[in-house]
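Residue strings, one per chain:
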Amino acid sequence: MVYCHPDPESFASAARDHTVTGLKASGHEVRLIDLYSESFEPALTAEERRTHRDPGVSDPTLQGYTDDLRWADSLVLVYPTWWSGQPAMLKGWFDRVWVAGVAWDVNRRNRLSPRLRNIRRLAVVTTHGSPKLVNALQGEGGKRLAMRSIRSMCWWRARTTWCAMYDIDHADEADRAAFLERVERTFAGWG
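Predicted model, so just to flag it, every value in this text is computed and none were measured. (Residues numbered from 1 in each chain as written. Predicted model: local features only at pLDDT ≥ 70, side-chain atom pairs only at ≥ 80, totals over all residues. Heavy atoms only, no water.)

Attention shifts here to the pattern of salt bridges. Going through the model one piece at a time under the given rule, you end up with eight salt bridges. Between Arg31 and Asp68 there is a salt bridge whose closest N-O contact spans 2.8 Å. With Arg31 in the loop between α1 (11-25) and β2 (33-34) and Asp68 in helix α3 (residues 63-71), the pair connects residues that are 37 residues apart, well separated along the chain. (Salt bridge = Lys/Arg side-chain N within 4 Å of Asp/Glu carboxyl O. Helix = DSSP H or I, 4+ residues; strand = E, 2+ residues; numbered from the N terminus.)

In structure tokens, the structure reads:
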């Protein structure tokens, strides 16, 4: 599980906790990556960009993240949606960790070939400040990145789960509690 929110008291942290509870109830071992508490550096360096097609990560501080990706059979991303997408910290994690030799290779036809075939399930737990209709009109960029681009580097038949709470800016406590219950129930059903 990759969690991304700067405030430990946020609603996203409650969603993270309910996700973990559900996963553990269904018998899953959970490795939690908390990008903010780990002070992950999201900025792609000039050297990393120059060598992005060379296999493997050049920064040894990223090795633990790549080890976790290779170990996992499922990947759960928990984050708030800001400006129609993932927070910059999470996007930087994709940029720096999902690199050649880890998430993909370039084949002889100059096409990407996925390497994370061990990941059979991909899930996102997120919140949106605006209603679903507004997100749909904007094209749901964050959903497309996760469910198309990230998924394409996983097993070709990877199952996906999208748990989103839309219009959270106008949600009351009952709405929020219902969403957290739905999240926990969803992951408790992962067998």
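Following the structure, the description resumes.
At a closest axis distance of 7 Å, the pairing of α1 and helix α7 (residues 173-188) adopts a crossing angle of 30 degrees. Accordingly, the angle class assigned to the pair α1 and α7 is roughly parallel. You can see that α1 and α7 cross each other, and the crossing is right-handed. Of the residues in α7, those in contact with Phe11, Ala14, Ala15, His18, Thr19, Thr21, Gly22, Leu23 and Ala25 of α1 are Arg176, Phe179, Leu180, Val183, Glu184, Phe187 and Ala188. In the contact of α1 with α7, the residues fall into 10 nonpolar, four polar and two charged. (Axes fitted to C-alpha atoms, helices over the stretch in contact; angles between N-to-C directions. Parallel < 35°, antiparallel > 145°, perpendicular 65-115°, else oblique. Left-handed = near helix turned anticlockwise from the far one by under 90°. Contact = heavy atoms within 4.5 Å. Nonpolar A, V, L, I, M, F, W, Y, C, P; charged D, E, K, R; others polar.)

Okay, unusual backbone geometry next. Residue Trp83 is not a glycine yet carries a positive backbone phi of 50 degrees. In this structure, Trp83 sits in the loop between β3 (74-80) and α4 (88-97). Of note, the phi angle at Asp167 is positive, near 60 degrees, even though the residue is not glycine. Note on placement: Asp167 falls in the loop between β7 (159-165) and α7.

Summarising burial for β3: seven of the seven residues are buried, a large majority. Because side chains alternate across β3, one face comprises the buried residues Ser74, Val76, Val78 and Pro80, and the other comprises Leu75, Leu77 and Tyr79, equally buried. The pairing of strand β1 (residues 2-3) with β3 spans two bridges and is classified as parallel. Bridge pairing in β3 links Tyr3 to Val78. Pairing geometry for β3 and strand β6 (residues 121-127), over seven bridges, is parallel. Along β6, the bridge assignment pairs Pro80 with Thr127. (Buried < 20%, exposed > 50% of the residue type's maximum accessible area, 1.4 Å probe, protein only. Pairing = 2+ DSSP bridges.)

Here we come to α1. End to end, α1 covers 21 Å across 15 residues, agreeing with the expected 21 Å (1.5 Å per residue, within 8%). Those residues of α1 lying buried are Phe11, Ala12, Ser13, Ala15, Arg16, Thr19, Val20, Gly22 and Leu23. Those residues of α1 hidden inside the fold are in contact with β1, β2, β3, β6, β7 and α7. In this structure Ser10 caps α1, since a side-chain oxygen of it lies 3.4 Å from the backbone nitrogen of Ala12. A positive backbone phi angle near 90 degrees is found at Gly27, which sits one or two residues after α1. (Expected span 1.5 Å × (residues − 1). Polar contact = N/O pair within 3.5 Å; in protein donor to acceptor, adjacent residues only side chain to side chain.)

Within β6, seven of the seven residues are buried, which leaves it mostly tucked inside the rest of the structure. Here β6 shows a buried face lined by Arg121, Ala123, Val125 and Thr127 and a second buried face lined by Leu122, Val124 and Thr126. Judged from the seven bridges that link them, β6 and β7 form a sheet pairing that is parallel. Each bridged residue has a counterpart across the sheet, and for Thr127 the counterpart in β7 is Met165.

This paragraph deals with the packing of aromatic side chains. A complete count under the given rule lists six aromatic pairs for this structure. Judged by centre distance (5.4 Å) and plane angle (85 degrees), the ring pair of Phe40 and Tyr65 falls under edge-to-face. Of this pair, Phe40 sits in the loop between β2 and α2 (46-50) while Tyr65 sits in helix α3, placing them 25 residues apart in sequence. As far as the burial class goes, Phe40 and Tyr65 line up, both buried. Judged by centre distance (5.7 Å) and plane angle (55 degrees), the ring pair of Trp93 and Phe94 falls under tilted. In this pair, the class of Trp93 matches that of Phe94, namely buried. Aromatic rings pair up to connect Trp93, Phe94 and Trp98 into one cluster. Over the aromatic face of Trp71 sits the side chain of Arg31, whose NZ or CZ is 3.9 Å from the ring centroid. One residue, Arg120, lies across the ring of Trp155, its end atom 3.9 Å from the ring centre. (Phe/Tyr/Trp six-rings, centres within 6.5 Å; stacked < 30°, edge-to-face > 60°. Lys NZ or Arg CZ within 6 Å of the ring centre and 35° of its normal.)

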